[in-house]
Amino acid sequence: SLNLQATALEASEIMEGRLTCEGCGKAYPIVRGIPRLLPDTFSDEQRATAEAFGYEWTHFSHIDDTYENEFLDWVHPVKKDYFAGKLILDGGCGKGRHTALSAAFGASDVVGIDISDAVEAAFANTRHLPNAHIVQADIYHVPLRPVFDYAYSIGVLHHLPDPKGGFLSLVRCLKTKGRMSAWVYGAEGNWWITHLVSPVRTVVTSRLPPAITKAISFAIAVPMQATLKLIYRPVNRWLPGLKRLLFYNDYLYSISGFSFRENYSTVFDHLVAPTAFYISREEFSQWMAEAALSDVNITWRNRNSWRGTGIAPAWESATAKQ
């Protein structure tokens, strides 16, 4: 339990203050409207990842109209109406795009957590929504009780030092029969990334100043966007018999309708991350089994990634299993 001391408000929004643990007396600040419930220490890998994505989402903080369909595709087969009236946890909210959508879908409340400075962008993008809340927190030590009806993590777990540990940590936040969804990079179908792009990312681009990596990403994104618009989109629409000749077609066609800025940020995302794991279906399935999820549904998305969902057991059973 936490005691609240508010020192600055804007209307009903607490902008500055402090939360103090009733048990141990530790105090956590509220800064610029965001509770900062962070542990005292991080690993070097966590710190580097937080810095990289904090930079990304504060520089690519835009919200696009395409996000709704993309989000629902990531959490498939969960439907838009599933969110209504539920208490929801967004594990690794980034700039808050999915937190905002969940709130707009009618969730009773949505809590988006992120370890990085991306929470600044997330707060700005969700502040107008009374049922959306942003907390700066570590996904391995989520400072929340197991009260959530639904938790999801989209494009985050594969960037953690221990992806499975992050997944299990979010499952522990669910109440009995709560649902968990996740989307991760697939080991299958990404040979060219794991063998060509990842070595360059690991050794070069993730170690460069982010502004330089951003410039490199721009140089890649310009011809890529032209190729998507002039080749992938028309071939798939009007000459579908030829699409099998196109490299990495399922994924590249799926982003061919996106804006340049969105695809530019995607390129940057792939080059800036210090850590990126590519998860096999078998490994992903093992996470679900270890979490004791039932009614598991795992599907192949764009032939390069996995999306999955399942139902948590009784909280006592999950605790005993751990």
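Residues numbered from 1 in each chain as written. Predicted model: local features only at pLDDT ≥ 70, side-chain atom pairs only at ≥ 80, totals over all residues. Heavy atoms only, no water.

This part takes up helix α6 (residues 191-205). Where α6 bends most, at V197, the angle is about 40°, and the proline P199 comes one to four residues later. Residues of α6 that are buried include every one of I193, V197, S198, R201 and T205, and no others. (Bend = angle between axes of the 7 residues up to and from the residue. Helix = DSSP H or I, 4+ residues; strand = E, 2+ residues; numbered from the N terminus. Buried < 20%, exposed > 50% of the residue type's maximum accessible area, 1.4 Å probe, protein only.)

Below, the discussion takes up the nonpolar core. Membership of the largest hydrophobic core comes to 43 residues, with the highest contact counts inside it found for F71 and F83. Among the elements that make up this core, the one with the highest residue count is helix α9 (residues 260-272) (five residues). Here F71 is in contact with F83, H98, L101, S102, F105, Y152 and I154, once residues within four sequence places are set aside. Formed by 35 residues, the second largest nonpolar core is a distinct cluster that contains L19, A151, C173 and I298. (Core = buried A, V, L, I, M, F, W, Y, C linked by side-chain atoms within 4.5 Å. Contact = heavy atoms within 4.5 Å.)

Right, let's talk about the environment of L170 for a bit. Mapped onto the elements, L170 comes out in helix α5 (residues 163-171). According to the relative accessible area criterion, L170 is buried, its value standing at 0%. For the pair L170 and A292, spaced 122 residues apart in the sequence, the C-alpha separation amounts to 13 Å. Leaving out residues up to four positions away in the same chain, L170 has contacts with L89, G91, I139, V142, A151, S153 and M180.

This part takes up the packing of α5 against helix α10 (residues 281-290). It is at 10 Å that the axes of α5 and α10 come closest, and there the two elements cross at 35°. Classified by chirality, the crossing of α10 by α5 is right-handed. Across the interface between the two elements, P163, K164, F167 and L168 from α5 touch W287, M288 and E290 from α10. Here the contact of α5 with α10 is built from residues that sort into five nonpolar, no polar and two charged. (Axes fitted to C-alpha atoms, helices over the stretch in contact; angles between N-to-C directions. Left-handed = near helix turned anticlockwise from the far one by under 90°. Nonpolar A, V, L, I, M, F, W, Y, C, P; charged D, E, K, R; others polar.)

What follows deals with the pattern of salt bridges. For the structure shown, the criterion picks out 11 salt bridges. R97 is the salt-bridge partner of E262, the closest N and O atoms lying 3.5 Å from each other. Placement of E262 in helix α9 and of R97 in helix α3 (residues 97-104) is noted, with a sequence separation of 165 residues between them. On the accessibility criterion, E262 (4% relative accessible area) is buried. Within the structure, one salt-bridge network assembled from shared partners comprises R32, R36 and E120. (Salt bridge = Lys/Arg side-chain N within 4 Å of Asp/Glu carboxyl O.)

Burial within α3 is extensive, with seven of its eight residues counted as buried. Inspection of α3 places R97, H98, T99, A100, L101, S102 and A103 among the buried residues, and these make up the whole buried set.

Counting all residues, the mean pLDDT for the protein chain is 95, and 98% of those residues have values of 70 or more. Within the model, pLDDT remains below 50 along residues 317-322, and this stretch shows five contacts once partners closer than five positions in the same chain are excluded. (pLDDT = per-residue confidence, 0-100.)

Within the open sheet, the 11 strands sit side by side as β1-β2-β3-β4-β7-β6-β5-β8-β9-β11-β10. Their pairing is mixed. Of all strands in the sheet, those with a lone pairing partner are β1 (2-10) and β10 (294-301), marking the two edges. Across the sheet, the mean angle separating the axes of adjacent strands is 20° when strand polarity is ignored. Where strand β3 (residues 27-31) meets strand β4 (residues 34-37), two bridges bridge the pair, whose relative direction is antiparallel. Bridging from a neighbouring strand, I30 pairs with P35 of β4. Of the strands in this sheet, β5 (87-91), β8 (148-154) and β9 (174-185) are in contact with α5, which crosses β9 at around 155°. (Pairing = 2+ DSSP bridges.)

This brings us to the packing of aromatic side chains. Taken as a whole and assessed by the stated rule, the structure comprises 23 aromatic pairs. With a centroid separation of 5.7 Å and 40° between ring planes, the pair formed by F60 and F268 is classed as tilted. In this pair, F60 is assigned in the loop between α1 (44-59) and α2 (67-74) and F268 in helix α9, connecting sequence segments 208 residues apart. Residue F60 is classed as buried on the basis of its relative accessible area, which comes to 0%. (Phe/Tyr/Trp six-rings, centres within 6.5 Å; stacked < 30°, edge-to-face > 60°.)

Before going further, it helps to spend a moment on unusual backbone geometry. Looking along the chain, the bond that leaves H76 and enters P77 is cis, with omega of 10°. On the secondary structure map, P77 appears in the loop between α2 and β5. Unusually for a residue other than glycine, D295 sits at a positive phi of about 50°. At R303, a position not held by glycine, the phi torsion is positive, near 60°. With respect to the secondary-structure elements, R303 resides in the loop between β10 and β11 (305-311).

In this section: the pairing of β11. Burial analysis of β11 places seven of its seven residues in the buried class, which makes it a mostly covered element. The alternating pattern of β11 places S305, R307, T309 and I311 and W306, G308 and G310 on opposite faces, both of which are buried. Here β9 runs beside β11; their pairing, made up of seven bridges, is antiparallel. By the bridge assignment for β11, W183 is matched with R307.

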